[in-house]
Amino acid sequence: MNDTITVIIPTYNKADFISQTIESVLQQTYKNFEIVIIDDCSSDNTEHVVQKYLSGKIRYFKHKTNWGPGETFNDGIKKARTEYITLIASDDILLPAHLELVINEFKKDKKIETVFSKLQVIDENNNYLNKIQEPPYIDKYKLLNTLFYIENRIPSPGIAFKKSLFNKTKMFNPNLILMHDYDLNIRCMMYGEIAVLPEPTVLYRRFSDNCNLSGDNNWYAYCHTAENNIILDNYLNLTYTDMIKTFPDLESCLEKDIKFKFIAETCKNEQKRLSEWAFEKLIEYLNTHPDFFCNNDLNFQYKDYIDLYKAHAEKNIIKLTHKQKLFKMMKDTAKMPFGVK
């Protein structure tokens, strides 16, 4: 296999930072690389900034319209001429050993198709923020479990793939704004083996005004809710073996029962994002199994279905009552200085 690796740099209005990103690639200890820069219709002078770097080894493409981050990553992957690829945002920086360590992981085990990185967080002025971001485990089943219950805990900058992975699963979902990386992280682990780099190899830039797409903006919560169900749906495509390894509590389930059991148990989860997704999936399951209450080996009866709804409703009422009490306390506290009753 050709050992060349393609560094894909998607960019959108990052003219002030992209030179640092490109320079960090040029300073890699591993020199057998190409760079593909995909400009998603920037309105600043990004195109002018990158011109001095272009060569047979560094290619630049600019979209005529704004495609969004997912499709821009996909365009870079398609344009890569090598089996190995790694992704880095145009305001982040690769530390010198990144490519060398990525290639080492791929070479250690030919089954590895995705390599996750570790990040050192910096600000817009390149100051270190004394924060490391890294996957909490190296075991993919523990990671899949974590990503279900605690959401995405895998850093995306610096992630590397074998391009052939995308013969088994799709690339980034271009319709996801915030969770395109979360979605792909799950599918990478579902359809291939993974490795995690032994040390931080990426300087990940966090802006003090939260201007990253993943920053805490007002629209974030709305987008998060809309995309959550698409992400969680991936887990229903796990094989029986992978479902048991990801959720060991289901080990006693038969293959024909395991998805229903998984959904029903998730309906009881305290997290609203999980329980509401599960109720939707439970209804879908029962619609496609119309005789389920008459004939199932789990002894799940109609009354059990009602009990799930009752428990869910009671839990939400308790939370609402607690919020109402807090709101009243806040109102009373605000009135006290003014003697208002």
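Going by the structure above, here's the rest.
Attention here is on the structure that accompanies the text. Everything numeric in this text was worked out from a predicted model, so none of it was measured. Positions within a chain are numbered from 1, following the residues in the order the chain's sequence is written. Residues qualify for local features only when their pLDDT is at least 70, as the model is predicted, and side-chain atom pairs are given and counted only at 80 or more; totals for whole chains, interfaces and linings, by contrast, use all residues. Water and hydrogen atoms play no part in the side-chain values, which are based on all heavy atoms of the structure.

## Topic: the packing of helix α5 (residues 140–149) against helix α10 (residues 272–288)
For clarity, the threshold we go by: To get an axis, a line is fitted to the C-alpha atoms, and for a helix only the part in contact is used. The angle between two axes follows their N-to-C directions and goes from 0 to 180 degrees. Only DSSP runs of H or I reaching four residues or more are called helices, and only runs of E reaching two or more are called strands; each is numbered from the N terminus. Here roughly perpendicular refers to angles of 65 to 115 degrees, roughly parallel to angles under 35, roughly antiparallel to angles over 145, and oblique to all remaining angles. We call two residues in contact whenever any of their non-hydrogen atoms come within 4.5 Å of each other. Residue polarity is assigned by list, with Asp, Glu, Lys and Arg as charged and Ala, Val, Leu, Ile, Met, Phe, Trp, Tyr, Cys and Pro as nonpolar; anything else, Gly included, falls into the polar class.
Direction vectors running N to C along α5 and α10 enclose 90°, while the axes themselves pass 9 Å from each other. By the angle between their directions, the pair α5 and α10 is classed as roughly perpendicular. Note on element contacts: α10 touches α5 through R273, L274 and W277, opposite L147, F148 and Y149. Looking at side-chain class alone, the contact of α5 with α10 contains 5 nonpolar, no polar and 1 charged residues.

## Notes on the pattern of salt bridges
Side-chain pairs of opposite charge can arise whenever the charged atoms involved come near each other. Under the convention used in this document: What counts as a salt bridge is simple: a side-chain nitrogen of Lys or Arg found within 4 Å of a carboxyl oxygen of Asp or Glu. Relative accessible area decides the class of each residue, using a 1.4 Å probe on protein chains only: under 20% of the type maximum gives buried, over 50% gives exposed, and in between gives partly exposed.
By the definition in use, this model includes 17 salt bridges. With a closest N to O distance of 3.3 Å, E134 and K118 form a salt bridge. Taken together, the residues E134 in the loop between β7 (128–133) and α5 and K118 in strand β6 (residues 112–122) connect sequence positions 16 residues apart. By relative accessible area, which is 38% here, E134 ends up partly exposed. Exposure remark for K118: the relative accessible area of 15% places this residue in the buried category. Here the salt bridges share partners, and the residues they tie into one network are D233, K281 and E284.

## A closer look at the nonpolar core
Quick note on the threshold: By convention a nonpolar core is built from buried Ala, Val, Leu, Ile, Met, Phe, Trp, Tyr and Cys residues, the set being connected through side-chain atoms within 4.5 Å.
Counting residues in each nonpolar core, the largest one holds 58 residues, and the members touching the most others are F161, Y235 and F262. No other element matches α10, which puts 7 residues into this core. Sequence-distant contacts of Y235, that is, excluding residues within four places in its chain, are made with L144, L147, F148, I186, M243, F247 and F262.

## Considering the packing of aromatic side chains
Note the following rule: In this analysis, rings of Phe, Tyr and Trp, with Trp reduced to its six-membered ring, are considered paired at centre separations within 6.5 Å, and the interplanar angle assigns stacked below 30 degrees, edge-to-face beyond 60, and tilted for intermediate values. Here, over-ring charges are defined by two tests on the NZ atom of lysine or the CZ atom of arginine: distance to the ring centre within 6 Å, and angle to the ring normal within 35 degrees.
According to the stated counting rule, one finds 25 aromatic pairs in the structure shown. Taking the centre distance of 5.9 Å and the plane angle of 75° together, the rings of F148 and W277 count as edge-to-face. With F148 in helix α5 and W277 in helix α10, this residue pair connects regions lying 129 residues apart in the sequence. You can call F148 buried: its relative accessible area is 0%. Seen in terms of ring centroids, F293 and F300 are 6.3 Å apart; in terms of plane orientation they differ by 20°. Their pairing is stacked. Of the residues examined, F300 reaches a relative accessible area of 11% and is grouped as buried. Members of the aromatic cluster, connected to one another through ring pairs, are F260, F279, Y285, F292, F293, F300, Y302, Y305 and Y309. Directly above the aromatic system of F33 lies the positively charged group of K57, at a separation of 4.1 Å from the ring centroid. The ring of F61 is capped by K79, whose NZ or CZ atom sits 5.0 Å from the centre of that ring.

It is worth stressing that arrangement in space is one thing and function is another; only the former is reported here.
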